[in-house]
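Residue strings, one per chain:
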Amino acid sequence: MSKNLKQYGWQYITVDIQWYEPSANSSKYHDFAPLVMDEYSRLLPDPKRFPSAANGNGFKPLADYIHGLGLKFGIHIMRGIPRQAVHTSAPLKGTDKTAKDIALNNICPWNSDMYGVNVDMPEGQGYYDSIMALYASWGVDFIKCDDIANSVIYNGTHKKEVEALRKAIDKTGRDMVLSLSPGPAPVDNGAFFQRTANMWRITDDFWDEWSLLLNMFDRAEKWSSMSRPGNWPDCDMLPLGHIGIRSVDGPGGNRQTRFTKPEQKTMMTLWSMMQSPLIMGGELPDNDEWTNSLMTNQELLNMDDHITEKYQTHRDDQLITWYAASSDNKYYAIFNISDGDLKLSGTKIANLGMPLSGHDVWEDKDASLSDNDSITIAPHDVYLLKV
């Protein structure tokens with residue numbers, strides 16, 4: 001990251017789920033596994049897996065190291081308070097109340113670690129205040145909170161706990177990005193997310209399957225108008241390169257991405273054009289030249305960074321078109337969503353509301369067509385023009 005990607009804007013290193021569980025060894029969760037916890041019901045990184053966390057250091061040494069590289073540090077957390085703290089009536093910082101007193105039985109359906117928190121009680125808000133104060137002391141810059149943006153069993157977003165997180169982060173005085181998971185976040189709650197969070201997942205876990213990528217066009221169309229500086233609907237991680245090393249989810253485990261190269265270009269274009277956060281989910285040291293080229297395409301990243309307007313302009317059974325604009329440029333994309341080559345004449349392109357001349361972003365060359373000229377877009381590929 002620091003040597004090869006930082007100069008292109010990649011900056012956050014995030015430790016994902018289960019960093020407090022000594023027995024964690026894959027994406028399969030261990031129900032009711034013992035967790036590492038401090039005296040105030042707050043989870044700590046397992047020192048066997050993170051040796052620098054020993055002696056109560058938490059993630060501060062790791063955060064300091066990452067900051068020293070000019071990068072930022074993030075962690076994944078689960079909504080709520082540890083079950084083991086509740087079952088033992090463990091203390092809470094700054095109060096005589098215990099974990100049991102503030103616990104709610106609105107549990108996560110797919111991970112057994114936590115109970116919900118009753119934030120109507122001052123001590124419930126105080127618990128969230130205490131964990132955010134701890135994370136701020138470590139130097140955390142990014143919080144991804146899971147089991148909160150959408151619940152399949154508790155009727156949508158856990159709004160009270162989202163608000164409690166927002167208040168707790170603000171009280172620390174530290175600039176920490178708040179990312180909410182999992183999706184699909186309810187579109188009806190868009191204004192609420194804008195008030196309380198910086199990112200929110202608009203999809204369930206995204207994997208390297210064309211059907212999921214095709215479905216993302218529906219979500220992107222609905223959510224693109226909600227994004228603005230400080231608020232970014234999140235299409236999830238980019239399954240590029242070497243992925244799934246310890247995963248049992250999605251279309252299999254340890255593998256190279258199953259997306260074709262055209263599909264990878266389509267994914268990067270859609271994510272950038274709707275300004276979803278770009279999060280690499282692969283094993284960076286194993287990146288090949290192709291994967292690095294996707295992540296360092298300066299024209300694409302400039303579009304992602306600077307556009308202020310973007311939306312879908314056309315869709316049929318064969319193609320989808322998008323438009324985006326910054327103060328200096330306009331962008332036009334044609335996505336071939338069919339399973340065969342798509343040949344388009346200059347006249348057809350013009351009828352789609354697109355110019356015939358500009359800079360072909362993916363080919364990195366100027367393009368100029370007449371009405372009688374044509375282009376061919378491969379299956380699941382994209383043509384992106386900057387004007």
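Above this text you will find the structure in question.
Worth saying up front: this structure is predicted, and the values here are computed from it rather than measured. (Residues numbered from 1 in each chain as written. Predicted model: local features only at pLDDT ≥ 70, side-chain atom pairs only at ≥ 80, totals over all residues. Heavy atoms only, no water.)

Participant: Any chance you could explain the packing of aromatic side chains here in plain terms?
Facilitator: Any aromatic ring pair is given by two values, namely how distant the centres are and how the planes are angled relative to each other. Tallied over the entire structure, the rule returns 18 aromatic pairs. Centroid distance Trp19 to Tyr20: 5.1 Å. Interplanar angle 75°. Geometry classified as edge-to-face. With relative accessibility at 1%, the residue Trp19 sits in the buried group. A relative accessible area of 1% places Tyr20 in the buried class. (Phe/Tyr/Trp six-rings, centres within 6.5 Å; stacked < 30°, edge-to-face > 60°. Buried < 20%, exposed > 50% of the residue type's maximum accessible area, 1.4 Å probe, protein only.)

Participant: What should I look at first to understand the sheet that holds strand S18 (residues 357–360) in this one?
Facilitator: Each strand in a sheet pairs with its neighbour through backbone hydrogen bonds, running either in the same direction (parallel) or in the opposite one (antiparallel). Strand order in the open sheet formed by six strands is S14-S15-S16-S21-S18-S19, and the pairing between neighbours is antiparallel. Looking at strand neighbours, the two that pair on one side only are strand S14 (309–315) and strand S19 (365–368), the edges of this open sheet. The mean angle between the axes of side-by-side strands here comes to 30°, regardless of whether they run parallel or antiparallel. In terms of strand pairing, S14 meets strand S15 (residues 319–325) through six bridges, oriented antiparallel. For Glu309, the partnering residue across the bridge sits in S15 and is Ala325. Its contacts with the sheet place helix H7 (residues 210–223) against S14, S15 and strand S16 (330–336), and it is angled at close to 115° to S14. The strands that helix H8 (residues 261–273) touches are S14, S15, S16 and strand S21 (382–386); relative to S16, the one it contacts most, it runs at about 140°. (Pairing = 2+ DSSP bridges. Helix = DSSP H or I, 4+ residues; strand = E, 2+ residues; numbered from the N terminus. Axes fitted to C-alpha atoms, helices over the stretch in contact; angles between N-to-C directions. Contact = heavy atoms within 4.5 Å.)

Participant: Whenever I open this one, the nonpolar core confuses me. Can you help?
Facilitator: Looking at soluble globular proteins, one finds that nonpolar side chains tend to be buried together. If you look at the biggest cluster of nonpolar residues, it comprises 96 residues, and the most contacted ones within it are Trp19, Ile75, Tyr135, Trp271 and Trp322. A total of eight residues in this core trace back to one element, the largest contributor, which is helix H4 (residues 122–138). Excluding residues within four positions of it along the chain, Tyr135 makes contact with Trp19, Ile75, Ile77, Val140 and Ile143. In terms of nonpolar packing, the next biggest core, distinct from the first, is built from 17 residues, Ala325, Ile334, Met354 and Ile377 among them. (Core = buried A, V, L, I, M, F, W, Y, C linked by side-chain atoms within 4.5 Å.)

Participant: Help me understand the packing of H8 against helix H10 (residues 298–306), please; the structure alone is not making it clear to me.
Facilitator: Packed helices, taken two at a time, are described by their axes: the angle between them and the distance between them. Two elements in contact, H8 and H10, have axes whose closest approach is 8 Å; the angle formed by their N-to-C orientations is 25°. The orientation of H8 with respect to H10, classified from their angle, is roughly parallel. For the pair H8 and H10, the contacting residues are Met268, Thr269, Trp271, Ser272 and Met273 in the first and Leu300, Met303 and Asp304 in the second. Here the contact of H8 with H10 is built from residues that sort into five nonpolar, two polar and one charged. (Parallel < 35°, antiparallel > 145°, perpendicular 65-115°, else oblique. Nonpolar A, V, L, I, M, F, W, Y, C, P; charged D, E, K, R; others polar.)

Participant: Help me understand the layout of surface pockets, please; the structure alone is not making it clear to me.
Facilitator: Empty pockets left among the atoms are what a rolling probe the size of a water molecule brings to light. Size it by volume and the second largest pocket reaches roughly 160 Å³. Forming the boundary of the second largest pocket are Lys265, Asp360, Trp362, Glu363, Ile375, Thr376, Ile377, Ala378, Asp381, Val382, Tyr383 and Leu384. Put simply, the parts of the chain that give the lining of the second largest pocket at least two residues each are strand S20 (374–377) and S21. Among the residues making up the lining of the second largest pocket, the classes are represented as seven nonpolar, one polar and four charged. (1 Å grid on protein atoms, 1.4 Å probe; cavity = no way out; pocket = protein on both sides within 12 Å on 5 of 7 lines; lining within 4 Å. Points joined across faces, edges and corners; volume = space filled by probe spheres on them.)

Participant: Just checking my understanding: could you explain the sheet that holds strand S1 (residues 12–15) for this structure?
Facilitator: Reading across from one edge, S1-S2-S8-S9-S10-S11 is the order of the six strands in this open sheet, with parallel pairing throughout. Where the open sheet ends on each side, the last strands, each with one partner, are S1 and strand S11 (232–234). Averaged over neighbouring strand pairs, the angle between their axes works out to 20° when direction is ignored. Note: strand S2 (residues 72–78) against strand S8 (residues 142–146), five bridges, orientation parallel. Among the inter-strand pairings, Gly74 is bridged to a residue of S8, identified as Phe142. Across the sheet, helix H1 (residues 60–68) is in contact with S1 and S2; its angle to S2 comes to roughly 145°. Helix-sheet contacts for helix H5 (residues 159–172) involve S2, S8 and strand S9 (177–180), and the interaxial angle to S9 is about 165°.

Participant: What is the right way to look at the pairing of S19 in this model?
Facilitator: Regular strands place their side chains on alternate faces of the sheet. Of the pairings in the sheet, the one linking S18 to S19 comprises four bridges and is antiparallel in character. Across the sheet, the residue bridging to His359 is Asp366, located in S19. Taking the residues that link successive antiparallel strands as the turn, the S18-S19 hairpin has four residues, and the phi of Asp364 there is positive, at about 55°.

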